[in-house]
Amino acid sequence: MEPWPWYVSGPLIGLMVPLLLLLGNKTFGISSSLRHICAACFPVGISFFNYNWRKEIWNLVFVAGVAAGAWIAVQFLSSGAPVQVSPKLVQELSGYGINDYSSQTPKDLFNWTTLLSLKGFVLMVVGGFCVGFGTRYAGGCTSGHSIMGLSNLQWPSLVATICFMAGGFIVANLVLPFILKL
Amino acid sequence: MQQTAQETNTDFEVRSLDTVCLNESQLVHPAWYNIKYLIAGVLFGIILVKAQVISWFRIQEMFRLQSFHMYGVIGSAVVTGMIAVYIIKKTGVKTIHGEKVDLHPKPFSKGQIYGGLIFGFGWALTGACPGPLFALIGSGATVILVSLFSAVAGTWVYGLLRPKLPH
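Note that the structure is predicted; figures quoted are calculated from it, not measured. (Residues numbered from 1 in each chain as written. Chains lettered and ligands numbered in written order. Predicted model: local features only at pLDDT ≥ 70, side-chain atom pairs only at ≥ 80, totals over all residues. Heavy atoms only, no water.)

Each helix and strand counted, chain A has eight helices and zero strands in total. The order of α-helices and β-strands along chain A, N terminus first, is α-α-α-α-α-α-α-α. Of all 182 residues assigned to chain A, the portion counted as buried reaches 57%. Put simply, 47% of the contacts in chain A that link residues at least 6 apart link residues at least 24 apart. When the 9 positive and 5 negative side-chain charges of chain A are each reduced to one mean point, those points stand 13 Å apart. (Helix = DSSP H or I, 4+ residues; strand = E, 2+ residues; numbered from the N terminus. Buried < 20%, exposed > 50% of the residue type's maximum accessible area, 1.4 Å probe, protein only. Contact = heavy atoms within 4.5 Å. Lys, Arg positive; Asp, Glu negative; His and termini not counted. Charge placed at Lys NZ, Arg CZ, Asp CG, Glu CD.)

Quick look at the structure:
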């Protein structure tokens, strides 16, 4: 079945929280791995990266597992059917020449050739930078705040989640149309 | 002893700077014990792909209020997590190594607003939060390696500018 319905996949994602807590007292989160990579590879005396990252190596192993799991899912558990999205979105995107739904990222936008165009640069490089900068500034991402933080009833995580969504609404509706026209 | 004191300090520093996604365990295990997190990661990666949470199309649908799918996924994940954390707190269940489960509060900072908005901008552009960045690379979208590298650079620049930013 493509995709797994929300009432199956959502609870499975939620179960990652107790799984990691019970496996070894680990709080669920992904964006910290980016910080550990900085601490391990280029700390250059920045105090924010001066900590014992080896103690957090489990998080790097976890994200390596995420990549491996995605590979397994695509190789062995996928029918190869195109992504089914709302007809309204299909109509809007076709106006920008985006018609390929064969993979989960639009191949028309995200490839090594478009990377060299202004549009591709903004989507992949500027977008990636905002993800790394913003998640660390906020102290967590969708996993660490929206799922782990809200599960533990932390109101600052609710503030963060509302801001994630607000930022996304602004860019997706007001800014992205201009970028896709580039 | 000196070494221990120093390590404790460093940990405090990490916590005061950044309250999420930390290793709460005080136990020391051989490195191969990390294989359990590899397996947990594999499960998470499979779920992310099968739920299509890693899809740029699904993220655009979400931000245009054109589909309930993503809201259902995140909402039911949070409810499941809440129930699980409540049960863990109520029953005082221990980890598989017999440790007490530690849950720490996340103090508020203005970073959750400014950083949250900036992450939201990036989420709408790349169509991926950090988990999906790793999953997309594994799924075969190799160009997303560039986005991941850029995200590492963003984290690094945050670390550099941190003393000058409002918190």
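Picking up after the structure, the text goes on.
Bringing the overall build of chain B into the picture now. The helix and strand tally for chain B stands at seven helices and zero strands. In chain B, the share of contacts with a sequence separation of at least 24, taken over all contacts with a separation of at least 6, comes to 52%. Of the roughly 7300 Å² that chain B leaves accessible, carbon and sulfur atoms contribute 68%. (Areas by Shrake-Rupley, 256 points an atom, 1.4 Å probe, with all protein chains shown as cover.)

All chains considered together, the criterion is met by two salt bridges over all chains. The salt bridge involving Arg64 of chain B is made with Glu92 of chain A; its shortest N-O contact spans 2.9 Å. Of this pair, Arg64 of chain B sits in the loop between helix H3 (56–63) and helix H4 (69–91) while Glu92 of chain A sits in helix H5 (residues 87–94), placing the two residues on different chains. A relative accessible area of 12% means that Arg64 of chain B is categorised as buried. Among the ionic pairs, Arg58 of chain B bridges to Glu61 of chain B, the shortest N-O distance being 2.8 Å. Residue Arg58 of chain B and its partner Glu61 of chain B are located together in helix H3, separated by three residues, close to a single helical turn. Its relative accessible area of 5% is what places Arg58 of chain B among the buried residues. Of the residues examined, Glu61 of chain B reaches a relative accessible area of 3% and is grouped as buried. (Salt bridge = Lys/Arg side-chain N within 4 Å of Asp/Glu carboxyl O.)

Quick look at the interface of chain A and chain B now. With 132 residues of chain A in contact, the opposing surface of chain B contributes 120 residues. Carbon and sulfur atoms make up 73% of the area that chain A and chain B hide from each other, which totals about 11400 Å². When the buried surface of chain A facing chain B is broken down by residue, Asn25, Gln104 and Tyr137 of chain A rank first, second and third, together holding 8% of it. Where chain A packs against chain B, one counts one salt bridge. Counting across the chain A and chain B interface gives 29 residue pairs in polar contact (both at pLDDT 80 or more). Listing elements by their share of the side of chain A that touches chain B, those giving two or more residues are helix H1 (6–14), helix H2 (16–24), helix H3 (32–41), helix H4 (57–76), H5, helix H6 (118–138), helix H7 (142–151) and helix H8 (155–181) of chain A. Broken down by element, the residue count for the side of chain A that touches chain B peaks at 18 residues, all from H8 of chain A. A class-by-class count of the residues in the side of chain A that touches chain B yields 83 nonpolar, 40 polar and nine charged. (Buried area = accessible area lost by both parts, 1.4 Å probe. Polar contact = N/O pair within 3.5 Å; in protein donor to acceptor, adjacent residues only side chain to side chain. Nonpolar A, V, L, I, M, F, W, Y, C, P; charged D, E, K, R; others polar.)

So, about the nonpolar core. Ile13, Phe28 and Phe62 of chain A together with Phe44, Trp56, Phe57 and Trp123 of chain B are the most contacted members of the largest nonpolar core, which totals 91 residues. If sequence neighbours within four positions are ignored, Ile13 of chain A has contacts with Ile147 of chain A together with Phe44, Ile47, Leu48, Val53, Val73 and Ala77 of chain B. (Core = buried A, V, L, I, M, F, W, Y, C linked by side-chain atoms within 4.5 Å.)

A common way to express how large an interface is: the accessible area buried when the components associate. Residues and elements named next belong to chain B. Under the domain assignment, chain B is made up of domain 1 (33–104) and domain 2 (107–167). A C-alpha centroid distance of 19 Å is found between domain 1 and domain 2. Counting residues at the interface gives 10 residues for domain 1 and 10 residues for domain 2. It is Ile54, Trp56 and Phe63 in domain 1 that bury the most area against domain 2; as a group they hold 53% of the surface buried on that side. (Domains from an automatic or database assignment.)

Interpretation of this model should avoid reading the predicted coordinates in detail wherever pLDDT is low. All names here are of chain B. Averaged over every residue, the pLDDT of chain B is 88; the share at 70 or more is 86%. For residues 1–13, every residue scores under 50 in pLDDT, and the model assigns this stretch five contacts once sequence neighbours within four places are set aside. Complex prediction metrics read pTM 0.92 and ipTM 0.96. (pLDDT = per-residue confidence, 0-100.)

With the rule as written, the count across this model stands at 24 aromatic pairs over all chains. Centre to centre, the rings of Phe133 of chain A and Tyr158 of chain B are 5.8 Å apart; their planes meet at 90°, and the pair counts as edge-to-face. With Phe133 of chain A in helix H6 and Tyr158 of chain B in helix H7 (residues 144–161), this residue pair bridges two chains. Judged by its relative accessible area of 10%, Phe133 of chain A falls in the buried class. Tyr158 of chain B gets classed as buried once you look at its relative accessible area, which sits at 1%. The interplanar angle of 40° and the centroid separation of 6.3 Å between the aromatic rings of Tyr137 of chain A and Tyr114 of chain B together place this pair among those described as tilted. With Tyr137 of chain A in helix H6 and Tyr114 of chain B in helix H5 (residues 111–126), this residue pair bridges two chains. Judged by its relative accessible area of 38%, Tyr114 of chain B is partly exposed. Aromatic rings pair up to connect Phe48, Phe49, Phe129, Phe133 and Tyr137 of chain A together with Tyr114 and Tyr158 of chain B into one cluster. (Phe/Tyr/Trp six-rings, centres within 6.5 Å; stacked < 30°, edge-to-face > 60°.)

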